[in-house]
Amino acid sequence: MEGLSEAEANLVVYVHPSKSRNVPQAILRELSSLLFKFKETFDGVLLAYDVNILDRQAKILSGIHPYIGLRLKAQLLLFSPKPDMLLEGKVVKLSQESIHVVILGFSSAIITAENIRQEFKYKIKDGEEMFASRSHKRHVIKVGTMIRFLVKSVDEEILHVIGSLMEAHTGSIRWLDKKSEETSEFDRSAMKSRDREWQEDKTVDEGATPLSNSNHIKKSKKRRIAED
């Protein structure tokens, strides 16, 4: 899925002196408070981190309320969705007017009817709402389906995405991946077939050597002499 990236960052964490007895725990608590929130500093949402404390001795900063400043080197996993990126999520609600999706378990997305291509037709089967493809009967989107969709816009404050299923490479991930595998298998089969034809043509060409042609000419002469 697009929108996920790893980054290396040099950070400074400020810890209150009252937490100085267990500084590592205080640092982890501070970083954990940043999880699943959009931060302009990271230009994305922090999903996970792995931290290494660089300072052996913490420095107490001057001020009315002194804090301990510690330098860290951290590996960050960020989620930064942008327009035209392909995201993946699970359908949690579906109606004739929209498809509601959850991304990575914490961010929400909505795909409205005008952003769903005409290939999909809304219908109710056995009491279950779904969008079914008119072109491929096995391509179905319903509650619980993992889908791949295109980003139209992102509200970073509330981590809400407006999505689209207008592109041909969007829809049910399971169906798209299966179609891709079948296409790859077809391409491999076609390539093998072309290789066999090339090998057969090569064998025929190699068989028609000058010697065999000479023998054929000699046999033809003998046949004409015999007839005479």
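In short, a report on the structure. Each chain has its residues counted from 1, following the order in which its sequence is written. Totals for whole chains, interfaces and linings use all residues, but because this is a predicted model, local features are given only for residues with pLDDT of at least 70 and pairs of side-chain atoms are given and counted only at 80 or more. Only hydrogens and water are set aside when side-chain values are computed; all heavy atoms of the structure are taken into account.

## Overview of the overall build of the protein
- For the protein, the helix and strand inventory stands at three helices and 14 strands.
- Only protein chains enter the accessibility calculation, which uses a 1.4 Å probe. A residue is then buried if its area is under 20% of the maximum for its type, exposed if over 50%, and partly exposed in between. Counting over 228 residues, the protein shows a buried share of 30%.
- Here, two residues are considered to be in contact whenever any of their heavy atoms come within 4.5 Å of each other. At a minimum sequence separation of 6, the contacts of the protein that also span at least 24 residues come to 57%. Helix and strand assignments come from DSSP, with helices taken as H or I runs of at least 4 residues and strands as E runs of at least 2, each series counted from the N terminus.

## Topic: the pattern of salt bridges
- Should a side-chain nitrogen of Lys or Arg be within 4 Å of a carboxyl oxygen of Asp or Glu, the pair is scored as a salt bridge. The final tally for this structure, using the stated rule, is six salt bridges.
- Here Arg148 and Glu88 are joined by a salt bridge, their closest N and O atoms 3.2 Å apart. With Arg148 in strand 12 (residues 146–155) and Glu88 in strand 6 (residues 86–94), this residue pair connects regions lying 60 residues apart in the sequence.
- Judged by its relative accessible area of 22%, Glu88 is partly exposed.
- Here Glu119 and Arg117 are joined by a salt bridge, their closest N and O atoms 2.8 Å apart.
- On the basis of relative accessibility, which here comes to 9%, the residue Arg117 falls in the buried class.

## A short note on the environment of Tyr122
- Checked against the element boundaries, Tyr122 lands in strand 9 (residues 120–125).
- Once the C-alpha coordinates of Tyr122 and Glu97 are considered, the two residues, 25 residues apart in sequence, prove to be 9.0 Å apart.
- Sequence-distant contacts of Tyr122, that is, excluding residues within four places in its chain, are made with Leu94, Ser95, Gln96, Glu129, Met130 and Phe131.

## Section: the sheet that holds strand 10 (residues 128–133)
- Strand pairing follows a simple DSSP-based rule, namely that at least 2 bridges must link the two strands. As summarised here, the arrangement of the three strands in space is 9-10-11, forming an open sheet in which the pairing is antiparallel. The open sheet is flanked by strand 9 and strand 11 (140–142), the only strands paired with a single partner. On average, each strand axis in the sheet is tilted by 30° relative to the strand beside it, whichever way the strands run. Helix axes are fitted to C-alpha atoms over the stretch in contact, other axes to C-alpha atoms as well, and angles between N-to-C directions run from 0 to 180 degrees.

## Description of a positive patch on the surface
- A cluster of like positive charges, contributed by Lys121, Lys123, Lys125 and Arg134, occupies part of the molecular surface.
- When you line up the elements, Lys121 lands in strand 9.
- Given the relative accessible area of 44%, Lys121 is considered partly exposed. Residues qualify for a patch when their relative accessible area is over 30% and they have no salt bridge, like charges being joined within 9 Å and the nonpolar side chains of Val, Leu, Ile, Met, Phe, Trp and Tyr within 5 Å. To measure how exposed things are, a 1.4 Å probe is used in the Shrake-Rupley method; for residues, cover is taken only from the protein chains shown. When charges are counted, Lys and Arg are positive and Asp and Glu negative, with His and the chain ends excluded. Where a charge lies is defined by one atom per residue type: Lys uses NZ, Arg uses CZ, Asp uses CG and Glu uses CD.

## What to know about the environment of Gln25
- Relative to the assigned elements, Gln25 resides in helix 1 (residues 23–32).
- By the criterion applied in these results, polar contacts are pairs of N or O atoms within 3.5 Å in which, for protein atoms, one can donate a hydrogen and the other can accept it, and in which residues neighboring in sequence qualify only through two side-chain atoms. Polar side-chain contacts of Gln25 include one of 3.0 Å to the side chain of Asn22.

## As for the pairing of strand 7 (residues 98–103)
- Direction of pairing for strand 6 relative to strand 7: antiparallel, over a ladder of four bridges. Looking across to strand 7, one finds that Leu94 is bridged to Ile99.
- Where strand 6 folds back on strand 7, the antiparallel hairpin that results is connected by three residues.
- Where strand 7 and strand 8 (residues 107–112) come together, six bridges link them in antiparallel fashion.

## Overview of the packing of aromatic side chains
- By convention, a stacked pair of Phe, Tyr or Trp rings (six-membered ring in the case of Trp) has centres within 6.5 Å and planes under 30 degrees apart, an edge-to-face pair has planes over 60 apart, and any other such pair is tilted. In total, this model carries three aromatic pairs according to the counting rule given.
- Their ring planes at 55° and their centres at 5.3 Å tell us that Phe36 and Phe106 sit as a pair that is tilted. On the criterion of sequence distance, the pair formed by Phe36 in the loop between helix 1 and strand 2 (38–39) and Phe106 in the loop between strand 7 and strand 8 is long-range, its members being 70 residues apart.
- Looking at Phe106, the relative accessible area reads 25%, which means it is partly exposed.
- Between Phe79 and Phe106, the ring centres sit 6.0 Å apart and the planes meet at 85°, which makes this aromatic pair edge-to-face.

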